[in-house]
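Architecture at a glance
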Amino acid sequence: MTRVLLVDDEPGIRRRVRALLVEALPEGEIVEAGTVEHARAHIQTGPWSLIVLDLGLPDGSGLDLLREVRELDGTAPVLVFSGHEADEYAPIALNLGASAYVEKLRTNEDFLPAVKRILGPKSSAQPMEEQIK
């Protein structure tokens, strides 16, 4: 079963992203967290097929949480989904091990294609790293 952890502090954004994920993964399990603390608790219940991670969280940095995810589970794909501009933050996130970076303003165009590429069949051992803006 596909398990997705959606980490974003804005309920409206979580609802919108959840709806997209349910459409793309009707049989998947989607778990939501609005804070770093809640995300940490859920991460422990892995494995996760995908973690969708916002960078701006009320109780900490999504980049710090990405570092923790990499220490706990080096294989969980992480799609950073942020309101921060990709030019500044995508290189940092990708360097920390994110699989992709999608700006929230580009949700309709880029979010589901990035999810499908991350969850699709892996044709090589190379990690997929991309910046979408």
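Scroll up to find the structure.
In this report, the structure presented in the accompanying data block is examined.

On to the pattern of salt bridges, then. Tallied over the entire structure, the rule returns nine salt bridges. A salt bridge links Glu-29 to Arg-3; the shortest N-O distance between them is 2.9 Å. Here the residue Glu-29 occupies a position in strand 2 (residues 29–33), and Arg-3 occupies one in strand 1 (residues 3–7), the gap between them amounting to 26 residues. Given a relative accessible area of 30%, Glu-29 falls into the partly exposed group.

Attention now moves to the side chain of Lys-104. Following the sequence through the fold, Lys-104 ends up in the loop between strand 7 (100–103) and helix 5 (107–119). In this structure the side chain of Lys-104 is engaged in a polar contact, spanning 2.7 Å, whose partner is the side chain of Asp-8. Setting aside chain neighbours within four positions, we find Lys-104 in contact with Asp-8, Glu-10, Ile-13, Arg-16, Asp-54, Phe-81, Ser-82 and Gly-83.

Here the focus is helix 2 (residues 36–43). Along helix 2, the residues that are buried comprise Val-36, Ala-39 and Ile-43. Looking straight down helix 2, one finds its buried side chains confined to an arc of 60°; they lie on one side.

So, how was this worked out
Residues numbered from 1 in each chain as written. Predicted model: local features only at pLDDT ≥ 70, side-chain atom pairs only at ≥ 80, totals over all residues. Heavy atoms only, no water. Salt bridge = Lys/Arg side-chain N within 4 Å of Asp/Glu carboxyl O. Helix = DSSP H or I, 4+ residues; strand = E, 2+ residues; numbered from the N terminus. Buried < 20%, exposed > 50% of the residue type's maximum accessible area, 1.4 Å probe, protein only. Polar contact = N/O pair within 3.5 Å; in protein donor to acceptor, adjacent residues only side chain to side chain. Contact = heavy atoms within 4.5 Å. Arc of directions from axis to C-beta.

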